[in-house]
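# Per-entry structural report
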Amino acid sequence: MTSLAPRAVLVTRQTEYQALLAAHGTRGQVAFFLKNRDQSIEMIEDRHADFLIALQKTRLSVPNDWSIANGDRDDLDRFLFTANDIVIAVGQDGLVANLAKYVTHQPVIGVTPDALGSEGVLTATKITALNQMLRAIEHGEAKTHARTMVEANLGGGETLAALNELFIGHHSHQSAKYLLTIGDAEEFQSSSGVIVTTGTGATGWARSIMTATDNFIDVQPDDPAAVFFAREPWPSKSSGCTLKFGEIWHQETLQITSRINEGGVIFADGVEQDYLKFDWGRRASISVSNRTLNLVVG
């Protein structure tokens, strides 16, 4: 922190109601759209109202001598974070994961406006405790949890970091062909893609893979390690499934060389719109990132 008063950056994303309103234009059209699907607009409006109340309470929790800025999830790639920022994500756990790759050392607080709409892994802070937590950060007394991130590097400055997981494969999730190399082991594979997860992401997408395959690897959110899984690797005359999962420790690298003629992508934390092209011949070096998410804990 500098000698200047901190700036609180409130990061949000569209509510269901706002997204429907943007798509259909008016409340009446939204109501008509939902009615034709045997759904009611009232429940969505109630959740939207609860979110607005939570956002207002969050704003009122910011100390009066601080400045406040607003950031929308869809605009984070253009938002200029500063050294003096404290980032408050108001929403579900996924919102914290989405913003992680856009911040550096800034402390991040996750606040959920709807206890039923989030697991509360990354958004565990209650609004009633927020003011005290913000003052603790200002005075250097807050406890932060440095959560490990992973990073894909394609060379030429093309990189993509993730808090939960990276997906490497075809954008449609159809069969993808690639050469996978880790250490001295190498294998040509044809699968539904590769997932590289951190300890944070191990409670999400990767958990479903581990449950389905019964291949469990214990990695904690602050371990300097990641885990990779080949999704449904196909054994054939030319492709194998020996390297279907494994660990990547700090300073180790997993290399994946694309044999996808068209449509190969790498995306992070479920945001398919923000991706790196991964077509034939491109090689991705995937490792534990030097960056971490500094998540403030109570």
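To start, this report covers the structure provided alongside it. (Residues numbered from 1 in each chain as written. Predicted model: local features only at pLDDT ≥ 70, side-chain atom pairs only at ≥ 80, totals over all residues. Heavy atoms only, no water.)

## A short note on the nonpolar core
Taken as a class, soluble globular proteins show a tendency for nonpolar side chains to be buried jointly. Counting 27 residues, the largest nonpolar core has L166, I168, V196, L254, I266 and I286 as the members making the most contacts within it. If one sorts the elements of this core by residue count, strand β8 (residues 176-182) sits on top with 4 residues. Residues within four places of V196 in sequence aside, it is in contact with V150, N164, E165, L166, I168, A226, V227, F228, I248, L254 and I286. Core analysis: the second largest hydrophobic core is formed by 20 residues, A100, V103, L122 and L293 among them. (Core = buried A, V, L, I, M, F, W, Y, C linked by side-chain atoms within 4.5 Å. Buried < 20%, exposed > 50% of the residue type's maximum accessible area, 1.4 Å probe, protein only. Helix = DSSP H or I, 4+ residues; strand = E, 2+ residues; numbered from the N terminus. Contact = heavy atoms within 4.5 Å.)

## Focus: the packing of helix α1 (residues 16-24) against helix α2 (residues 27-35)
Their axes nearest at 8 Å, the elements α1 and α2 cross at an angle of 105°. When the interaxial angle is binned, α1 and α2 end up roughly perpendicular. Where α1 abuts α2, its residues Y17, L20, L21 and H24 lie against R27, Q29, V30, F33 and L34. A class-by-class count of the residues in the contact of α1 with α2 yields 6 nonpolar, 2 polar and 1 charged. (Axes fitted to C-alpha atoms, helices over the stretch in contact; angles between N-to-C directions. Parallel < 35°, antiparallel > 145°, perpendicular 65-115°, else oblique. Nonpolar A, V, L, I, M, F, W, Y, C, P; charged D, E, K, R; others polar.)

## Here's the deal with the pairing of β8
In terms of burial, β8 is largely enclosed, as 5 of its 7 residues are buried. Sheet topology places β8 next to strand β9 (residues 185-191); 7 bridges connect them, and they run antiparallel. Counted as the bridge partner of L180 is E187 from β9. The turn joining β8 and β9, which pair antiparallel and follow one another in sequence, is formed by 2 residues; a positive phi near 60° is taken by G183. As defined by bridge partners, β8 adjoins strand β13 (residues 254-258) across 5 bridges and the pair is classed as antiparallel. Directly across from T181, in β13, lies its bridge partner Q255. (Pairing = 2+ DSSP bridges.)

## Description of the pattern of salt bridges
Within this structure, the stated rule accounts for 9 salt bridges. Of the charged contacts in the structure, one is a salt bridge between R7 and D85, with a shortest N-O distance of 2.7 Å. A residue pair is termed long-range when its members are at least 10 positions apart, and R7 in strand β1 (residues 7-12) and D85 in strand β3 (residues 85-90) qualify at 78 residues. In this structure D85 comes out as buried when scored by relative accessible area, which is 0%. Two residues, R78 and D75, come together in a salt bridge whose shortest N-O distance is 2.4 Å. According to the relative accessible area criterion, D75 is partly exposed, its value standing at 36%. If you follow the salt bridges from partner to partner, you end up with D65, R135 and E138 in one network. (Salt bridge = Lys/Arg side-chain N within 4 Å of Asp/Glu carboxyl O.)

None of this, on its own, says anything about what the molecule does.
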